[in-house]
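Given next are the chains, with one letter for each unit.
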Amino acid sequence: MQPQFYPFFNELTPEQKNYVTLKLSSEKESLIAYICFFLLGAHYFYVGRPLTNILYYITLGGFGIWALIDLFRIPSIVKEYNTNYTIRVIEEAKLLYPSNPGFQGGYQNYQG
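As a starting point, this report considers the structure included with it. (Residues numbered from 1 in each chain as written. Predicted model: local features only at pLDDT ≥ 70, side-chain atom pairs only at ≥ 80, totals over all residues. Heavy atoms only, no water.)

**Section: the pattern of salt bridges**
So, point 1. This model, assessed by the stated rule, comprises 1 salt bridge.
So, point 2. Note that Arg 73 is salt-bridged to Asp 70, the shortest N-O span being 3.4 Å. A residue pair is termed a helical-turn pair when its members lie 3 or 4 positions apart in one helix, as Arg 73 and Asp 70 do in helix α7 (residues 65–96) at 3 residues. (Salt bridge = Lys/Arg side-chain N within 4 Å of Asp/Glu carboxyl O. Helix = DSSP H or I, 4+ residues; strand = E, 2+ residues; numbered from the N terminus.)

**So, the side chain of His 43**
So, point 1. With respect to the helices, strands and loops of the structure, His 43 is situated in helix α4 (residues 43–46).
So, point 2. With residues near it in sequence (within four places) discarded, His 43 still touches Ala 33, Cys 36, Phe 37, Asn 53, Tyr 56, Asp 70 and Ile 74. (Contact = heavy atoms within 4.5 Å.)

**Remarks on the nonpolar core**
So, point 1. The biggest cluster of nonpolar side chains holds 22 residues, and the ones touching the most others in it are Val 20, Val 47 and Val 89.
So, point 2. Within the residue set of this core, elements represented by two or more residues are α2 (14–24), α3 (30–39), α4 and α7.
So, point 3. A per-element tally of this core places α7 first, with 9 residues.
So, point 4. Non-local contacts of Val 20, meaning those with residues more than four positions away in its chain, are made with Met 1, Phe 9, Leu 12, Val 89, Ile 90 and Ala 93. (Core = buried A, V, L, I, M, F, W, Y, C linked by side-chain atoms within 4.5 Å. Buried < 20%, exposed > 50% of the residue type's maximum accessible area, 1.4 Å probe, protein only.)

**Thoughts on α2**
So, point 1. When we look at burial in α2, the residues that qualify are Gln 16, Tyr 19, Val 20 and Leu 24. Taken down its axis, α2 places every buried residue within 120 degrees of arc, on the same side. Exposed side chains of α2 directed beyond 90 degrees from the buried face belong to Pro 14, Asn 18 and Leu 22.
So, point 2. Among the structural elements, α1 (6–10) and α7 are those in contact with the buried residues of α2. (Arc of directions from axis to C-beta.)

Now the structure itself:
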């Protein structure tokens, strides 16, 4: 987990923290993205952007220019994916394990 998310992580309940910790064990790594890049040109597939990867294939890596740029951009692409993934996981944990279990959206508790 990136240090910028520590304050948000510390506000979570123990159940939420366990969920986030479990889910974040599957964060992406730059080394694997580079391996995907060199072996298959599938680094965008690796970070969940299949349409971008298909366009990458169709243009033959932007006629080589896009491929050269991506050679240097892969760490930032992976970091952006991990940042967005961390935000989604924290929000998901808050929805799945509410900190106030007595409140279930209000309308569900209505007996009228």
